[in-house]
Amino acid sequence: MSDLLASTLKHLHALVAFDTRNPPREIGTGGIFDYLRAHLPGFDCSVTDHGAGAVSLLAVRGKPKVLFNVHLDTVPDSPHWTASPFELRVTDTHAIGLGACDIKGAAAALLTAAAQTHGDAAFLFTTDEEANDARCIAAFLSAFPSPVGRRWREAPDEGAPTESRSNTEPSPQPLSRGKRGFETVIVAEPTRGEAVLAHRGISSVLMRFKGRAGHASGGNAASDSALHQAIRWGQHALDYVESQAHQRFGGLTGLRFNIGRVEGGIKANMIAPGAEVRFGFRPLPSMDIDALLATFRGGFAAQPAEFQETFRGPSLPAGDVAQAEARRLEARDFADEVGLTIGNAVDFWTEASLFSQAGYTAIVCGPGDIAQAHTADEFVELSQLQQITQSYISILNSQTR
(Lines give C-alpha, C1' and ligand atoms only; values in the text may rest on other atoms or scores of the structure.)
Protein backbone atom coordinates (compact mmCIF):
# COMPACT_ATOMS: atom_id res chain seq x y z
CA MET A 1 0.00 0.00 0.00
CA SER A 2 1.39 3.41 -0.97
CA ASP A 3 1.94 6.16 1.59
CA LEU A 4 -0.67 8.32 -0.17
CA LEU A 5 -3.33 5.63 0.05
CA ALA A 6 -2.45 4.87 3.68
CA SER A 7 -2.89 8.54 4.55
CA THR A 8 -6.22 8.79 2.74
CA LEU A 9 -7.51 5.64 4.45
CA LYS A 10 -6.45 6.98 7.84
CA HIS A 11 -8.50 10.12 7.24
CA LEU A 12 -11.41 8.14 5.84
CA HIS A 13 -11.47 5.90 8.93
CA ALA A 14 -11.83 9.01 11.10
CA LEU A 15 -14.42 10.73 8.87
CA VAL A 16 -16.67 7.65 8.62
CA ALA A 17 -16.69 7.39 12.42
CA PHE A 18 -18.52 10.73 12.68
CA ASP A 19 -22.30 10.35 12.52
CA THR A 20 -23.42 12.87 9.89
CA ARG A 21 -26.63 11.17 8.78
CA ASN A 22 -29.13 13.45 7.12
CA PRO A 23 -31.89 13.16 8.19
CA PRO A 24 -32.12 13.71 11.16
CA ARG A 25 -30.19 16.92 10.34
CA GLU A 26 -28.49 17.01 13.73
CA ILE A 27 -25.03 18.17 12.66
CA GLY A 28 -23.17 20.86 14.58
CA THR A 29 -20.04 22.93 14.17
CA GLY A 30 -17.81 20.59 16.20
CA GLY A 31 -17.07 16.92 15.65
CA ILE A 32 -16.12 16.33 12.06
CA PHE A 33 -15.34 20.02 11.57
CA ASP A 34 -12.90 19.99 14.47
CA TYR A 35 -11.15 17.09 12.76
CA LEU A 36 -10.98 18.89 9.42
CA ARG A 37 -9.59 22.09 10.92
CA ALA A 38 -6.98 20.13 12.87
CA HIS A 39 -5.75 18.55 9.64
CA LEU A 40 -5.69 21.72 7.55
CA PRO A 41 -2.81 23.67 9.12
CA GLY A 42 -1.97 26.86 7.28
CA PHE A 43 -5.54 27.30 6.01
CA ASP A 44 -7.84 30.20 6.82
CA CYS A 45 -10.87 28.28 8.09
CA SER A 46 -14.36 29.71 8.55
CA VAL A 47 -17.16 27.52 9.96
CA THR A 48 -20.77 28.73 9.59
CA ASP A 49 -23.98 27.24 10.99
CA HIS A 50 -26.83 27.93 8.57
CA GLY A 51 -29.44 26.17 10.71
CA ALA A 52 -31.26 22.83 10.42
CA GLY A 53 -28.05 20.82 10.39
CA ALA A 54 -26.54 22.80 7.52
CA VAL A 55 -22.94 23.68 8.41
CA SER A 56 -20.19 24.79 6.05
CA LEU A 57 -16.42 25.05 6.39
CA LEU A 58 -14.56 27.21 3.90
CA ALA A 59 -10.82 26.50 4.11
CA VAL A 60 -8.50 28.67 2.00
CA ARG A 61 -4.73 28.75 1.60
CA GLY A 62 -3.21 31.46 -0.57
CA LYS A 63 -5.20 32.88 -3.50
CA PRO A 64 -6.62 29.85 -5.33
CA LYS A 65 -8.70 29.97 -8.49
CA VAL A 66 -10.04 26.43 -8.03
CA LEU A 67 -12.51 25.49 -5.29
CA PHE A 68 -13.23 21.88 -4.27
CA ASN A 69 -16.69 21.21 -2.86
CA VAL A 70 -17.44 18.13 -0.74
CA HIS A 71 -20.58 17.33 1.26
CA LEU A 72 -19.98 15.49 4.52
CA ASP A 73 -23.55 14.45 5.28
CA THR A 74 -24.73 10.95 4.43
CA VAL A 75 -28.05 9.23 3.95
CA PRO A 76 -29.32 7.18 6.92
CA ASP A 77 -28.04 3.63 7.21
CA SER A 78 -30.40 0.74 6.54
CA PRO A 79 -30.97 -2.48 8.52
CA HIS A 80 -29.17 -4.38 5.76
CA TRP A 81 -25.67 -3.29 6.80
CA THR A 82 -23.66 -6.35 7.82
CA ALA A 83 -21.52 -4.42 10.33
CA SER A 84 -21.40 -1.00 11.94
CA PRO A 85 -21.69 1.67 9.22
CA PHE A 86 -19.48 3.97 11.29
CA GLU A 87 -16.47 1.66 11.41
CA LEU A 88 -14.43 1.60 8.21
CA ARG A 89 -13.61 -1.90 6.99
CA VAL A 90 -10.75 -2.25 4.53
CA THR A 91 -10.29 -5.32 2.33
CA ASP A 92 -7.65 -5.95 -0.31
CA THR A 93 -9.70 -3.95 -2.81
CA HIS A 94 -12.42 -1.94 -1.03
CA ALA A 95 -13.03 0.49 1.84
CA ILE A 96 -16.51 -0.08 3.29
CA GLY A 97 -18.39 2.43 5.45
CA LEU A 98 -21.28 4.89 5.46
CA GLY A 99 -20.26 7.76 3.19
CA ALA A 100 -17.07 6.07 2.01
CA CYS A 101 -18.26 6.50 -1.58
CA ASP A 102 -20.76 9.36 -1.17
CA ILE A 103 -18.53 11.30 -0.50
CA LYS A 104 -16.23 11.14 2.52
CA GLY A 105 -13.66 9.30 0.42
CA ALA A 106 -13.18 12.50 -1.56
CA ALA A 107 -12.84 14.53 1.65
CA ALA A 108 -10.16 12.14 2.91
CA ALA A 109 -8.28 12.42 -0.39
CA LEU A 110 -8.34 16.21 -0.18
CA LEU A 111 -6.87 16.17 3.33
CA THR A 112 -4.00 14.04 2.04
CA ALA A 113 -3.59 16.27 -1.01
CA ALA A 114 -3.51 19.38 1.19
CA ALA A 115 -0.71 17.89 3.29
CA GLN A 116 1.28 16.92 0.20
CA THR A 117 1.17 20.40 -1.34
CA HIS A 118 2.06 23.90 -0.20
CA GLY A 119 0.46 26.24 -2.71
CA ASP A 120 -2.96 27.74 -3.25
CA ALA A 121 -5.94 25.60 -2.24
CA ALA A 122 -9.61 26.05 -1.31
CA PHE A 123 -12.13 23.55 0.06
CA LEU A 124 -15.83 24.06 0.81
CA PHE A 125 -17.19 21.30 3.06
CA THR A 126 -20.98 21.22 3.58
CA THR A 127 -23.59 19.10 5.38
CA ASP A 128 -26.93 19.64 3.65
CA GLU A 129 -26.65 18.01 0.22
CA GLU A 130 -28.69 14.96 1.23
CA ALA A 131 -31.44 17.21 2.62
CA ASN A 132 -32.40 18.77 -0.73
CA ASP A 133 -32.03 22.14 0.99
CA ALA A 134 -28.85 23.73 -0.31
CA ARG A 135 -28.39 26.41 2.33
CA CYS A 136 -24.62 26.06 2.37
CA ILE A 137 -24.20 26.57 -1.36
CA ALA A 138 -26.73 29.42 -1.39
CA ALA A 139 -24.78 31.21 1.34
CA PHE A 140 -21.50 30.69 -0.49
CA LEU A 141 -22.92 32.06 -3.74
CA SER A 142 -24.30 35.05 -1.86
CA ALA A 143 -20.84 35.77 -0.45
CA PHE A 144 -19.13 35.04 -3.79
CA PRO A 145 -21.83 35.96 -6.34
CA SER A 146 -19.84 35.62 -9.55
CA PRO A 147 -16.28 34.85 -10.57
CA VAL A 148 -14.12 37.57 -12.06
CA GLY A 149 -14.06 38.07 -15.80
CA ARG A 150 -16.87 35.74 -16.87
CA ARG A 151 -18.42 36.83 -20.15
CA TRP A 152 -21.92 35.82 -19.01
CA ARG A 153 -21.78 37.62 -15.66
CA GLU A 154 -24.99 39.46 -16.50
CA ALA A 155 -26.77 36.37 -17.87
CA PRO A 156 -30.38 36.15 -16.65
CA ASP A 157 -29.95 32.67 -15.17
CA GLU A 158 -27.27 33.75 -12.71
CA GLY A 159 -27.77 34.31 -9.01
CA ALA A 160 -28.73 32.27 -5.99
CA PRO A 161 -29.97 28.72 -6.56
CA THR A 162 -33.73 28.37 -6.85
CA GLU A 163 -34.19 24.89 -5.42
CA SER A 164 -33.54 25.91 -1.80
CA ARG A 165 -37.01 27.32 -1.36
CA SER A 166 -37.01 27.29 2.43
CA ASN A 167 -33.82 29.29 2.98
CA THR A 168 -31.87 31.12 0.31
CA GLU A 169 -30.91 34.03 2.53
CA PRO A 170 -27.25 34.86 3.12
CA SER A 171 -25.57 33.32 6.13
CA PRO A 172 -25.69 35.45 9.26
CA GLN A 173 -21.93 34.98 9.60
CA PRO A 174 -19.22 35.78 7.03
CA LEU A 175 -17.85 32.83 5.08
CA SER A 176 -14.40 34.36 4.79
CA ARG A 177 -12.43 37.46 5.65
CA GLY A 178 -12.49 38.82 2.14
CA LYS A 179 -13.58 38.26 -1.42
CA ARG A 180 -11.56 35.74 -3.40
CA GLY A 181 -11.25 35.15 -7.12
CA PHE A 182 -12.53 31.61 -7.48
CA GLU A 183 -13.16 30.65 -11.11
CA THR A 184 -13.58 26.87 -11.26
CA VAL A 185 -15.41 24.53 -8.89
CA ILE A 186 -14.83 20.78 -8.65
CA VAL A 187 -17.71 18.98 -6.95
CA ALA A 188 -16.41 15.65 -5.68
CA GLU A 189 -19.39 13.35 -6.25
CA PRO A 190 -18.59 9.76 -7.37
CA THR A 191 -17.50 9.66 -11.04
CA ARG A 192 -14.78 6.99 -10.83
CA GLY A 193 -12.23 9.78 -10.97
CA GLU A 194 -13.33 11.12 -14.35
CA ALA A 195 -14.31 14.71 -15.09
CA VAL A 196 -18.05 14.84 -15.75
CA LEU A 197 -19.05 17.98 -17.63
CA ALA A 198 -22.81 17.51 -17.98
CA HIS A 199 -25.72 16.03 -16.06
CA ARG A 200 -29.48 16.35 -15.87
CA GLY A 201 -31.43 18.84 -13.82
CA ILE A 202 -34.10 17.79 -11.36
CA SER A 203 -37.58 18.93 -10.34
CA SER A 204 -39.87 17.37 -7.73
CA VAL A 205 -43.59 18.14 -7.55
CA LEU A 206 -46.50 17.62 -5.17
CA MET A 207 -49.96 17.58 -6.80
CA ARG A 208 -53.45 17.17 -5.39
CA PHE A 209 -56.63 16.21 -7.23
CA LYS A 210 -60.09 16.95 -5.82
CA GLY A 211 -63.18 14.83 -6.40
CA ARG A 212 -66.62 14.37 -4.91
CA ALA A 213 -67.30 11.61 -2.41
CA GLY A 214 -70.14 9.23 -3.16
CA HIS A 215 -71.21 5.62 -3.51
CA ALA A 216 -69.14 3.72 -6.03
CA SER A 217 -72.22 2.15 -7.62
CA GLY A 218 -73.14 5.47 -9.23
CA GLY A 219 -72.37 6.23 -12.84
CA ASN A 220 -70.59 9.40 -11.80
CA ALA A 221 -67.63 7.53 -10.28
CA ALA A 222 -65.58 7.82 -13.46
CA SER A 223 -65.70 11.62 -13.46
CA ASP A 224 -66.01 12.41 -9.74
CA SER A 225 -63.17 10.27 -8.41
CA ALA A 226 -59.97 12.15 -7.60
CA LEU A 227 -58.04 8.92 -8.02
CA HIS A 228 -59.44 8.41 -11.50
CA GLN A 229 -58.30 11.93 -12.38
CA ALA A 230 -54.83 11.18 -11.06
CA ILE A 231 -54.59 7.97 -13.07
CA ARG A 232 -55.69 9.75 -16.25
CA TRP A 233 -53.13 12.47 -15.60
CA GLY A 234 -50.47 9.82 -15.14
CA GLN A 235 -51.24 8.21 -18.47
CA HIS A 236 -51.07 11.57 -20.26
CA ALA A 237 -47.78 12.36 -18.52
CA LEU A 238 -46.23 9.03 -19.48
CA ASP A 239 -47.29 9.50 -23.11
CA TYR A 240 -45.77 12.99 -23.13
CA VAL A 241 -42.48 11.76 -21.67
CA GLU A 242 -42.31 9.05 -24.32
CA SER A 243 -42.75 11.73 -27.00
CA GLN A 244 -39.54 13.38 -25.75
CA ALA A 245 -37.39 10.28 -26.27
CA HIS A 246 -35.68 11.80 -29.31
CA GLN A 247 -34.26 14.79 -27.42
CA ARG A 248 -30.49 14.68 -26.87
CA PHE A 249 -27.68 16.61 -25.18
CA GLY A 250 -24.07 15.60 -24.63
CA GLY A 251 -24.71 11.86 -24.76
CA LEU A 252 -27.91 12.01 -22.68
CA THR A 253 -31.20 11.08 -24.28
CA GLY A 254 -34.82 11.86 -23.47
CA LEU A 255 -36.64 13.08 -20.38
CA ARG A 256 -36.38 11.00 -17.19
CA PHE A 257 -39.66 10.87 -15.26
CA ASN A 258 -41.00 9.02 -12.24
CA ILE A 259 -44.30 8.93 -10.36
CA GLY A 260 -43.01 8.16 -6.91
CA ARG A 261 -46.15 8.13 -4.78
CA VAL A 262 -49.93 8.08 -5.28
CA GLU A 263 -52.20 8.24 -2.26
CA GLY A 264 -55.90 8.88 -1.78
CA GLY A 265 -59.39 7.53 -1.43
CA ILE A 266 -61.03 5.73 1.47
CA LYS A 267 -62.21 2.28 0.40
CA ALA A 268 -63.18 0.30 -2.69
CA ASN A 269 -66.90 1.17 -2.65
CA MET A 270 -66.45 4.91 -2.11
CA ILE A 271 -65.66 7.51 -4.75
CA ALA A 272 -62.34 9.10 -3.79
CA PRO A 273 -62.77 12.75 -2.75
CA GLY A 274 -59.04 13.46 -2.84
CA ALA A 275 -55.76 12.14 -4.19
CA GLU A 276 -52.14 13.17 -3.81
CA VAL A 277 -49.39 12.51 -6.35
CA ARG A 278 -45.68 13.07 -5.97
CA PHE A 279 -43.58 12.92 -9.11
CA GLY A 280 -40.23 14.06 -10.37
CA PHE A 281 -38.47 14.57 -13.66
CA ARG A 282 -34.87 15.03 -14.77
CA PRO A 283 -34.50 17.21 -17.85
CA LEU A 284 -31.61 17.51 -20.26
CA PRO A 285 -29.50 20.68 -20.01
CA SER A 286 -31.24 21.90 -23.18
CA MET A 287 -34.75 21.56 -21.69
CA ASP A 288 -36.68 24.40 -20.02
CA ILE A 289 -37.86 23.30 -16.55
CA ASP A 290 -40.55 26.01 -16.36
CA ALA A 291 -41.98 24.95 -19.71
CA LEU A 292 -42.05 21.32 -18.60
CA LEU A 293 -43.80 22.27 -15.36
CA ALA A 294 -46.41 24.19 -17.33
CA THR A 295 -47.06 21.11 -19.47
CA PHE A 296 -47.40 18.79 -16.48
CA ARG A 297 -49.68 21.26 -14.70
CA GLY A 298 -52.06 22.33 -17.43
CA GLY A 299 -51.21 20.54 -20.64
CA PHE A 300 -53.43 17.48 -20.20
CA ALA A 301 -57.17 16.92 -20.04
CA ALA A 302 -56.89 15.84 -16.39
CA GLN A 303 -55.60 18.79 -14.38
CA PRO A 304 -54.69 18.98 -10.69
CA ALA A 305 -56.41 21.30 -8.23
CA GLU A 306 -53.08 22.02 -6.51
CA PHE A 307 -49.59 21.95 -7.99
CA GLN A 308 -46.39 22.76 -6.09
CA GLU A 309 -42.77 22.35 -7.10
CA THR A 310 -40.96 21.23 -3.94
CA PHE A 311 -37.38 21.06 -5.21
CA ARG A 312 -35.47 22.25 -8.23
CA GLY A 313 -31.90 21.85 -9.34
CA PRO A 314 -30.64 23.15 -12.69
CA SER A 315 -28.83 21.02 -15.22
CA LEU A 316 -25.07 21.03 -15.69
CA PRO A 317 -24.04 23.13 -17.53
CA ALA A 318 -26.70 25.68 -16.60
CA GLY A 319 -28.18 28.26 -18.97
CA ASP A 320 -29.84 28.24 -22.36
CA VAL A 321 -28.47 26.00 -25.10
CA ALA A 322 -25.78 28.46 -26.19
CA GLN A 323 -24.66 29.23 -22.62
CA ALA A 324 -24.65 25.56 -21.67
CA GLU A 325 -22.45 24.63 -24.61
CA ALA A 326 -20.03 27.50 -23.91
CA ARG A 327 -19.76 26.45 -20.28
CA ARG A 328 -19.27 22.81 -21.23
CA LEU A 329 -16.38 23.75 -23.52
CA GLU A 330 -14.72 25.82 -20.78
CA ALA A 331 -15.07 22.92 -18.36
CA ARG A 332 -13.53 20.60 -20.97
CA ASP A 333 -10.59 22.96 -21.42
CA PHE A 334 -10.00 23.03 -17.66
CA ALA A 335 -10.13 19.24 -17.40
CA ASP A 336 -7.61 18.96 -20.23
CA GLU A 337 -5.30 21.50 -18.61
CA VAL A 338 -5.13 19.63 -15.29
CA GLY A 339 -4.87 16.18 -16.89
CA LEU A 340 -8.25 14.72 -15.96
CA THR A 341 -9.87 12.02 -18.08
CA ILE A 342 -13.19 13.32 -19.39
CA GLY A 343 -16.09 10.99 -18.71
CA ASN A 344 -19.59 10.69 -20.10
CA ALA A 345 -22.52 12.84 -19.03
CA VAL A 346 -24.51 11.31 -16.17
CA ASP A 347 -28.16 11.04 -15.21
CA PHE A 348 -27.82 11.91 -11.51
CA TRP A 349 -27.94 15.48 -10.19
CA THR A 350 -25.20 17.30 -8.28
CA GLU A 351 -24.65 20.72 -6.75
CA ALA A 352 -22.13 21.46 -9.50
CA SER A 353 -25.07 22.84 -11.45
CA LEU A 354 -25.66 25.49 -8.77
CA PHE A 355 -22.12 26.79 -9.26
CA SER A 356 -22.58 26.66 -13.03
CA GLN A 357 -25.81 28.62 -12.72
CA ALA A 358 -23.91 31.31 -10.81
CA GLY A 359 -21.33 31.60 -13.60
CA TYR A 360 -18.52 29.33 -12.43
CA THR A 361 -16.83 26.74 -14.58
CA ALA A 362 -17.99 23.57 -12.83
CA ILE A 363 -17.18 19.89 -13.16
CA VAL A 364 -17.92 16.77 -11.14
CA CYS A 365 -14.96 14.58 -10.23
CA GLY A 366 -14.62 12.20 -7.30
CA PRO A 367 -13.75 8.63 -6.35
CA GLY A 368 -16.23 5.79 -6.38
CA ASP A 369 -19.19 4.66 -8.45
CA ILE A 370 -22.62 6.27 -8.06
CA ALA A 371 -24.11 2.76 -8.05
CA GLN A 372 -22.65 2.36 -4.55
CA ALA A 373 -24.15 5.57 -3.19
CA HIS A 374 -26.97 5.09 -0.68
CA THR A 375 -26.51 1.31 -0.55
CA ALA A 376 -25.95 -1.01 2.41
CA ASP A 377 -22.25 -1.84 2.87
CA GLU A 378 -21.39 1.14 0.70
CA PHE A 379 -17.81 0.98 -0.55
CA VAL A 380 -15.18 2.76 -2.59
CA GLU A 381 -12.42 0.93 -4.42
CA LEU A 382 -8.92 1.45 -3.04
CA SER A 383 -7.62 2.02 -6.56
CA GLN A 384 -10.11 4.87 -6.90
CA LEU A 385 -8.91 6.48 -3.68
CA GLN A 386 -5.31 6.20 -4.82
CA GLN A 387 -6.10 7.68 -8.23
CA ILE A 388 -8.17 10.60 -6.99
CA THR A 389 -5.63 11.53 -4.33
CA GLN A 390 -2.98 11.77 -7.03
CA SER A 391 -5.35 13.74 -9.27
CA TYR A 392 -6.19 16.23 -6.52
CA ILE A 393 -2.49 16.71 -5.76
CA SER A 394 -1.85 17.37 -9.45
CA ILE A 395 -4.67 19.93 -9.63
CA LEU A 396 -3.43 21.74 -6.52
CA ASN A 397 0.12 21.81 -7.88
CA SER A 398 -1.13 23.19 -11.21
CA GLN A 399 -2.33 26.37 -9.44
CA THR A 400 1.19 27.33 -8.42
CA ARG A 401 2.85 26.94 -11.81
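Preceding this section is the structure that the text describes.
Residues numbered from 1 in each chain as written. Predicted model: local features only at pLDDT ≥ 70, side-chain atom pairs only at ≥ 80, totals over all residues. Heavy atoms only, no water.

Asks: So, the pattern of salt bridges: which residues are in play, and what are the values?
Replies: Counting across every chain of the model gives 19 salt bridges. Salt-bridge contacts for R135 lead to D133; the nearest nitrogen and oxygen are separated by 2.8 Å. For the pair R135 and D133, one class covers both residues: buried. Linked by salt bridges that have partners in common, R208, K210, E276, R278 and E306 make up one network. (Salt bridge = Lys/Arg side-chain N within 4 Å of Asp/Glu carboxyl O. Buried < 20%, exposed > 50% of the residue type's maximum accessible area, 1.4 Å probe, protein only.)

Asks: Explain the packing of aromatic side chains to me, using residue names and the numbers behind them.
Replies: One pass over the structure, following the stated rule, counts 25 aromatic pairs. Aromatic side chains W233 and F279 sit 5.0 Å apart centroid to centroid with 50 degrees between the ring planes, which places their arrangement in the tilted category. Of this pair, W233 sits in helix 6 (residues 226-243) while F279 sits in strand 14 (residues 274-282), and the two are 46 residues apart along the sequence. As far as the burial class goes, W233 and F279 line up, both buried. Clustering of aromatic rings is evident, with ring pairs tying together W233, Y240, F257, F279, F281, F296, F300 and F307. (Phe/Tyr/Trp six-rings, centres within 6.5 Å; stacked < 30°, edge-to-face > 60°. Helix = DSSP H or I, 4+ residues; strand = E, 2+ residues; numbered from the N terminus.)

Asks: Can you break down the packing of helix 1 (residues 3-17) against helix 10 (residues 382-398) residue by residue, with the values?
Replies: Geometrically, a packed helix pair is captured by the angle between its two axes and the distance between the axes. Relative orientation of the contacting elements helix 1 and helix 10 amounts to 105 degrees, with a least axis distance of 9 Å. Here helix 1 lies roughly perpendicular to helix 10, going by the angle between them. Together, L4, L5, T8, L9 and L12 of helix 1 and L382, L385, Q386, T389, Q390 and I393 of helix 10 make up the contact between the two elements. Its residues placed into classes, the contact of helix 1 with helix 10 shows seven nonpolar, four polar and no charged. (Axes fitted to C-alpha atoms, helices over the stretch in contact; angles between N-to-C directions. Parallel < 35°, antiparallel > 145°, perpendicular 65-115°, else oblique. Contact = heavy atoms within 4.5 Å. Nonpolar A, V, L, I, M, F, W, Y, C, P; charged D, E, K, R; others polar.)

Asks: I'd like to hear about the pairing of strand 1 (residues 44-51), residue by residue, with values.
Replies: Relative to strand 2 (residues 54-61), strand 1 runs antiparallel, the two being bridged by seven bridges. Bridged to G51 within strand 2 is A54. Where strand 1 folds back onto strand 2 in an antiparallel hairpin, the turn is made up of two residues, including A52, whose phi is positive at roughly 55 degrees. (Pairing = 2+ DSSP bridges.)

Asks: Summarise the state of the cysteines; cite the residues concerned and give the values.
Replies: Tallying each qualifying case throughout the model produces zero disulfides. You can see C45 has no disulfide; the closest cysteine sulfur is in C136, sitting 15 Å from it. (Disulfide = S-S within 2.5 Å.)

Asks: Hey, could you go over the pairing of strand 14 for me, with residue numbers and the actual values?
Replies: Summarising the sheet, strand 8 (residues 202-210) and strand 14 pair through eight bridges and their orientation is antiparallel. Paired with K210 across the bridge in strand 14 is G274. Direction of pairing for strand 12 (residues 256-264) relative to strand 14: antiparallel, over a ladder of eight bridges. If you follow N258 over to strand 14, its bridge partner there is G280.

Asks: Go over the environment of P79 with me, naming the residues and quoting the values.
Replies: Position of P79 among the secondary structure elements: in the loop between strand 3 (66-71) and strand 4 (89-90). C-alpha separation for the pair P79 and R89, spaced ten residues apart in sequence, amounts to 17 Å.

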